[in-house]
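What follows is the residue order along each chain.
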Amino acid sequence: MADLRVSVTEAFRHRFGAPPVHVVRAPGRVNLIGEHTDYNDGFVMPLAIEQAVWLAVRPRDDDRVVLHSTRATEPADFRLGAMERGDGWGEYAKGVAWALQAQGHELRGLEGVLASDVPEGAGLSSSAALELAVARALSEGAGLDWDPADMARTAQRAENEWVGVRCGVMDQMASACGVAGHAVLLDCRSLAVTPTPLPAWTTVLVLDTGTRRGLVDSAYNARRETCERVARVLGVPALRDATLDGLQAAEDVLMPTQVRRARHVVTENARVLAAADAMRQGDAARVGALMAASHASLRDDYEVSSPALDAFVEAAQAQPGCYGARMTGAGFGGCVVALVASDRAEAVAEAAALAYRQWTGHAPTAYRVRAVGGASLEPVPALFL
Ligand code: GLA
């Protein structure tokens, strides 16, 4: 939100006694459809959202990077020339610096302050937003060209190889390549980005279950390994290349769980492409039906939903004006995404949250989100020039 631009700038001036040289923004994302397909070289349909990481910085003359976060007591503090693994939020920043340097880029030190209103652990990509904000600031400081898809890959590499989470490229691509007013159809193999308009008179709601995923990394990595194993058995480079017929033909040599996992990926890819068509035709009801089918597949075949997510999906889908709802992100907790008629948005959010709270006892939040552009360099608020 725009006020973080001002508050992060104020925080910078307070700490360093001068205005920042650059202010950057990198958004979180919500995924409309296409879950657990990205690391199978498949298709996804996220939108970058207003909730974002904001970072106010100035270059340093040495090779130190010092970033203070309004969410943490300890700053990220490291030297570009002597990077060592540690723990905490600073590893994401360090990982990005490491990945950029591993690609041969010469970086400059910088110092600054960051603030974020992307909820953590909610499935809205707070870490990808942090990575892209740091990438944007380091690139600006070093005078590097900003190629969004390239930077998304770099940030993914940071998370895979420095932080140790084997995530796909969706979150980083969404944060880097978001398009205002649009969802983006991403081909996670070619990295082609196709801006896709939301159907007219529809609104996207985020319904936060108030539950946070626990030990999700190991379950996530295990799903990914299963997919890779099935692809090998089927003799295809990735499950993106598999078909339901091919899967059926191999049922004898696969475990039933492996078949279900792969079936989710194959059918989910088809649903994303069908949703993209329906969106182009403005067919909100069809998009909603595909979202509902996506949730059922994630719940039953991929088994990454949770009772809280299922309850909120059900509560949303029972409301008039809700076209469809599903869990969004890695799963096991976090948020539901719903596509609703704009004139019913408030009513659906309120009624679904109430029903969900009554069923589960959890404290939900529900809000509409707006699709915004990807990571950007922002004007330093005039007030401080
Ligand atoms: C997390 C990962 C993404 C993607 C989703 C599931 O958000 O970071 O790469 O795999 O889970 O679709």
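Preceding block: the structure.
Our subject in this report is the structure included herewith. Keep in mind it's a predicted model, so treat the numbers as computed, not measured.

## Quick look at the site of the ligand
Around the ligand, the neighbouring residues are R29, E35, H36, D38, Y39, C167, G168, M170, D171, Y220, G329 and A330. Taking R29, its side chain carries an N or O atom lying 3.2 Å from an oxygen atom of the ligand. E35 places a polar side-chain atom, nitrogen or oxygen, 2.7 Å from an oxygen atom of the ligand. In this structure the site holding the ligand corresponds to the largest pocket. Residues that form the shell around the ligand fall into these classes: five nonpolar, three polar and four charged. Lining the shell around the ligand are residues from two domains, each supplying at least three of them: domain 1 (2–194 + 372–384) and domain 2 (197–369).

## Side note on the environment of D41
Here D41 lies in the loop between β1 (22–31) and β2 (43–44). A sequence separation of 179 residues divides D41 from Y220, and the C-alpha atoms of the two residues are 16 Å apart. Among residues more than four places away in sequence, those in contact with D41 are D187, C188, R189, A238 and R240. In this structure the side chain of D41 is engaged in a polar contact, spanning 3.0 Å, whose partner is the side chain of R189.

## Quick word on helix α2 (residues 90–102)
Relative to the 18 Å expected for 13 residues at 1.5 Å per residue, α2 spans 18 Å between its end C-alpha atoms, a close match to the ideal helical length. Buried residues belonging to α2 abut β4 (64–69), β5 (76–79), α3 (126–142) and α4 (148–163).

## Focus on the sheet that holds strand β8 (residues 193–197)
Across the sheet, three strands lie side by side as β2-β7-β8; this open sheet has antiparallel pairing. Strand pairing shows two members of the sheet lacking a second neighbour, β2 and β8, which therefore form its edges. With five bridges joining them, strand β7 (residues 182–187) and β8 adopt antiparallel strand pairing. Bridge pairing in β8 places L185 opposite T194. Packed on one face of the sheet, helix α5 (residues 170–177) meets β2, β7 and β8 and runs near 135° to β7.

## Quick word on the pattern of salt bridges
A complete count under the given rule lists 26 salt bridges for this structure. When the shortest N-O distance is used, the salt bridge between D171 and R29 registers 2.9 Å. A residue pair is termed long-range when its members are at least 10 positions apart, and D171 in helix α5 and R29 in strand β1 qualify at 142 residues. Judged by its relative accessible area of 3%, R29 falls in the buried class. Taking the shortest distance from any N to any O, the salt bridge between E228 and R224 comes out at 3.1 Å. Placement of the pair is E228 and R224 together in helix α6 (residues 216–234), with a separation of four residues, close to one helical turn. Looking at E228, the relative accessible area reads 25%, which means it is partly exposed. Assessed through its relative accessible area of 13%, R224 is described here as buried. One salt-bridge network, held together by shared partners, links R58, R60, D62 and E111.

## As for the state of the cysteines
Taken as a whole and judged by the stated rule, the model has zero disulfides. Considering cysteine sulfurs only, C177 is the nearest to C188, which forms no disulfide, with 11 Å between them. With no disulfide of its own, C335 lies 15 Å from the sulfur of C322, the closest cysteine sulfur. Accessibility expressed as a relative area gives 0% for C335, which makes it buried.

## Considerations on the side chain of T203
With respect to the helices, strands and loops of the structure, T203 is situated in strand β9 (residues 202–208). Side chain to side chain, T203 and S342 meet in a polar contact 2.9 Å long.

## Describing the pairing of strand β6 (residues 110–116)
Taking burial as the measure, the seven residues of β6 include seven buried ones, the bulk of the element. The two faces of β6 match: L110, G112, L114 and S116 on one face and E111, V113 and A115 on the other face are all buried. Bridge count for strand β3 (residues 46–59) against β6 is seven bridges, and the pairing is antiparallel. Within the sheet, the bridge partner assigned to W54 lies in β6 and is A115. As paired strands, β4 and β6 are joined by five bridges and run parallel to one another. By the bridge assignment for β6, H68 is matched with V113.

Criteria and cut-off values
- Residues numbered from 1 in each chain as written.
- Predicted model: local features only at pLDDT ≥ 70, side-chain atom pairs only at ≥ 80, totals over all residues.
- Heavy atoms only, no water.
- Near = heavy atom within 4 Å.
- Polar contact = N/O pair within 3.5 Å; in protein donor to acceptor, adjacent residues only side chain to side chain.
- 1 Å grid on protein atoms, 1.4 Å probe; cavity = no way out; pocket = protein on both sides within 12 Å on 5 of 7 lines; lining within 4 Å.
- Sits in = over half its atoms within 2 Å of the grid points.
- Nonpolar A, V, L, I, M, F, W, Y, C, P; charged D, E, K, R; others polar.
- Domains from an automatic or database assignment.
- Helix = DSSP H or I, 4+ residues; strand = E, 2+ residues; numbered from the N terminus.
- Contact = heavy atoms within 4.5 Å.
- Expected span 1.5 Å × (residues − 1).
- Pairing = 2+ DSSP bridges.
- Axes fitted to C-alpha atoms, helices over the stretch in contact; angles between N-to-C directions.
- Salt bridge = Lys/Arg side-chain N within 4 Å of Asp/Glu carboxyl O.
- Buried < 20%, exposed > 50% of the residue type's maximum accessible area, 1.4 Å probe, protein only.
- Disulfide = S-S within 2.5 Å.

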